[in-house]
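# Results of the structural survey
Each chain is listed here by its residues.
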Amino acid sequence: MRYLVTGGAGFIGSNFIRFLFNKYGDDAQVVNLDKLTYAGIRENLAEYEGKPNYRFLEGDIANPADVTEAYRGVDGNGTDVVVNFAAETHVDRSLMEAGTFIQTDVHGVLVLLEEARRHAPKLRRFVQISTDEVYGSIDDGSFSEGDPLNPRNPYSASKAGGDRMAYAYGQTYGLPVIVTRASNNFGPYQYPEKLIPLFVTNAMDDLPLPLYGDGKNVRDWLFVDDHCAAIDFLIEYGTNSETYNIGGGNERENREITYRILELLKKPESLIKPVGDRQGHDRRYSLDTRKLERLGFKCDTDFDAALERTVRWYVENEPWWRAIKERSAEFRAYYEKQYANR
Ligand code: NAD
Ligand code: TYD
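Bear in mind that the values here come from a model prediction, so they are computed numbers and not experimental data.

Definitions and limits used
- Residues numbered from 1 in each chain as written.
- Chains lettered and ligands numbered in written order.
- Predicted model: local features only at pLDDT ≥ 70, side-chain atom pairs only at ≥ 80, totals over all residues.
- Heavy atoms only, no water.
- Near = heavy atom within 4 Å.
- Polar contact = N/O pair within 3.5 Å; in protein donor to acceptor, adjacent residues only side chain to side chain.
- Areas by Shrake-Rupley, 256 points an atom, 1.4 Å probe, with all protein chains shown as cover.
- Nonpolar A, V, L, I, M, F, W, Y, C, P; charged D, E, K, R; others polar.
- Buried < 20%, exposed > 50% of the residue type's maximum accessible area, 1.4 Å probe, protein only.
- Helix = DSSP H or I, 4+ residues; strand = E, 2+ residues; numbered from the N terminus.
- Pairing = 2+ DSSP bridges.
- Axes fitted to C-alpha atoms, helices over the stretch in contact; angles between N-to-C directions.
- Contact = heavy atoms within 4.5 Å.
- Core = buried A, V, L, I, M, F, W, Y, C linked by side-chain atoms within 4.5 Å.
- Salt bridge = Lys/Arg side-chain N within 4 Å of Asp/Glu carboxyl O.

### Describing the site of ligand 2
- Near ligand 2 there are 20 residues, and of these Glu-133, Arg-219, Arg-278, His-281 and Tyr-339 occur at the shortest range.
- One of the backbone nitrogen or oxygen atoms of Leu-195 is found 2.9 Å away from an oxygen atom of ligand 2.
- At a separation of 2.7 Å, an oxygen atom of ligand 2 approaches a polar side-chain atom of Tyr-339.
- In isolation ligand 2 has 510 Å² of accessible area, and contact with the protein removes 97% of it.
- For the shell around ligand 2, a count of residues per class yields nine nonpolar, five polar and six charged.

### Here we look at unusual backbone geometry
- Of note in this structure, Leu-36 is not a glycine but carries a positive phi near 55°.
- Overall, the relative accessible area of 27% leaves Leu-36 in the partly exposed class.
- If you check the backbone angles, Asp-206 has positive phi at about 55° while not being a glycine.
- Tracing the backbone shows Asp-206 in the loop between helix 6 (195–204) and strand 8 (209–212).

### What to know about the sheet that holds strand 6 (residues 177–182)
- If you walk across this open sheet you meet the seven strands as 3-2-1-4-5-6-10, and the pairing is parallel. Two strands close off the open sheet at either side, each with one partner strand: strand 3 (54–58) and strand 10 (243–246). For this sheet the average axis-to-axis angle between neighbouring strands, irrespective of direction, equals 20°.
- Bridge count between strand 5 (residues 125–131) and strand 6: six bridges; the pairing is parallel. Paired with Phe-126 across the two strands is Val-177, which belongs to strand 6.
- Helix-sheet contacts for helix 7 (residues 224–237) involve strand 1 (2–6), strand 4 (81–84), strand 5, strand 6 and strand 10, and the interaxial angle to strand 5 is about 145°.

### Remarks on the site of ligand 1
- The environment of ligand 1 is made up of 28 residues, and the closest members are Ile-12, Asp-34, Thr-89, Tyr-155 and Lys-159.
- For ligand 1, a nitrogen atom lies 2.8 Å from a polar atom in the side chain of Asp-60.
- Here an oxygen atom of ligand 1 and a side-chain polar atom of Tyr-155 are 2.7 Å apart.
- Protein contacts shield 97% of the accessible area of ligand 1, which totals 840 Å² for the unbound molecule.
- Ranked by residues supplied to the shell around ligand 1, first place goes to strand 5 with three residues.

### Brief notes about the environment of Pro-210
- In this fold, Pro-210 is placed in strand 8.
- Taking the C-alpha atoms as reference, Pro-210 lies 39 Å from Asp-66; in sequence the two are 144 residues apart.
- Not counting chain neighbours up to four residues away, the residues in contact with Pro-210 comprise Leu-198, Phe-199, Asn-202, Lys-273, Val-275, Tyr-335 and Tyr-339.

### Some words on the pairing of strand 8
- A two-sided burial pattern is seen for strand 8, the buried positions comprising Leu-209 and Leu-211 on one face and Pro-210 and Tyr-212 on the other.
- Across four bridges, the pairing between strand 8 and strand 12 (residues 272–275) is parallel. Considered in strand 12, the bridge of Tyr-212 is made with Val-275.

### Overview of the nonpolar core
- By size, the foremost hydrophobic cluster in this structure holds 70 residues, and its most contacted members are Phe-16, Val-83, Ile-231 and Ile-246.
- With eight residues, the single largest contributor to this core is helix 7.
- Excluding its chain neighbours within four sequence positions, the residues that come into contact with Val-83 are Leu-4, Val-5, Thr-6, Phe-16, Val-127, Ile-129, Ile-231 and Ile-235.
- By size, the runner-up hydrophobic cluster in this structure holds 23 residues, among which are Val-31, Leu-57, Ile-61 and Ala-86.

### Remarks on the pattern of salt bridges
- Overall, the coordinates contain 28 salt bridges when judged by the stated rule.
- Between Glu-115 and Arg-118 there is a salt bridge whose closest N-O contact spans 3.1 Å. A residue pair is termed a helical-turn pair when its members lie 3 or 4 positions apart in one helix, as Glu-115 and Arg-118 do in helix 4 (residues 99–118) at three residues.
- Its relative accessible area of 5% is what places Glu-115 among the buried residues.
- Ionic pairing is found between Asp-205 and Arg-322, a salt bridge with its closest N-O pair at 2.8 Å. A residue pair is termed long-range when its members are at least 10 positions apart, and Asp-205 in the loop between helix 6 and strand 8 and Arg-322 in helix 11 (residues 318–325) qualify at 117 residues.
- Asp-205 sits in the partly exposed class, given a relative accessible area of 28%.

This is the structure we're talking about:
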């Protein structure tokens, strides 16, 4: 199978490419189109550089020339499956500046879809990676795929735009589009701006853990390996024009996650620093995942074991995250702006 994976230098994309090579070996050919924004780290997949079935292409999904080149495949032989992970992904950053979110998460999807039309007869799947955040917040119960979208922040609004644009191109032009809406991922290689890697690495350095609001916001945590396996399953068994929720079934309050991280690292609870809440902070995300289960896939990784594995990964891979937290001027400027006066 010939894959075009966008955003493959980021957290989930790099895990997905590794998943493909582990599962399919040389039978998978992968082009990784990535703009290398602050969140893109090409070295995440250093072990595949130079292999004949892997090609890294630095480029922008919103740039038609880059996208045309990417669809040509590893050696000009074309693409069977597109999986679009490329996005601006951090809610807090979308509160500071939303323009790049619209440019990548909406317009970039459009450019990828326009190129897909030119490859339509041969293209087998176009998977748009969306998010549970497009449904908005829910106090009780869970969202199903047919529920109305109610994004409540600039990140989720832009993701909803890309989600519906992909669906619309499936309806209008008959493209083989599948939309997936996953819950909060965690695991190795997650950029240390997100809750779990930020708190793990701050705790390792005895720095404060800035817990927003009352710490009782709920997220459903999905181990990244389960997410990758679900996407691979849907490429094989999903139905075009359908949307699938992918949830971990692990709803936890942020403060519970925080206590568990401190426990695993044997650090004191005094590191927790309650700070001002995120503007428009969604209270709870929750997905009904029965559609995917009926098709035959269930996420089955044990949450506690996966969190422990993830914490261990950050402990054992200090150079990876120190390169970001200590040597990236961009990260330090962001951290200062986001947390200094909170
Ligand atoms: P990430 O921020 O770690 O990585 C994003 C990657 O996209 C980076 O490598 C970046 O360089 C690249 N990129 C950004 N703009 C680009 C552009 N214009 N052209 C090409 N590449 C570009 O993100 P992630 O957490 O791995 O998320 C991947 C996808 O999964 C996103 O679409 C996100 O919305 C979705 N998602 C994430 C989660 C989560 O919990 N992380 C949950 C559900 C859905
Ligand atoms: P995050 O990892 O940014 O993912 P998302 O906002 O997409 O769900 O945040 C997860 C939860 O953790 C969310 O409720 C906000 C909270 N949070 C904090 O309390 N402190 C922080 O420093 C961060 C980054 C997040």
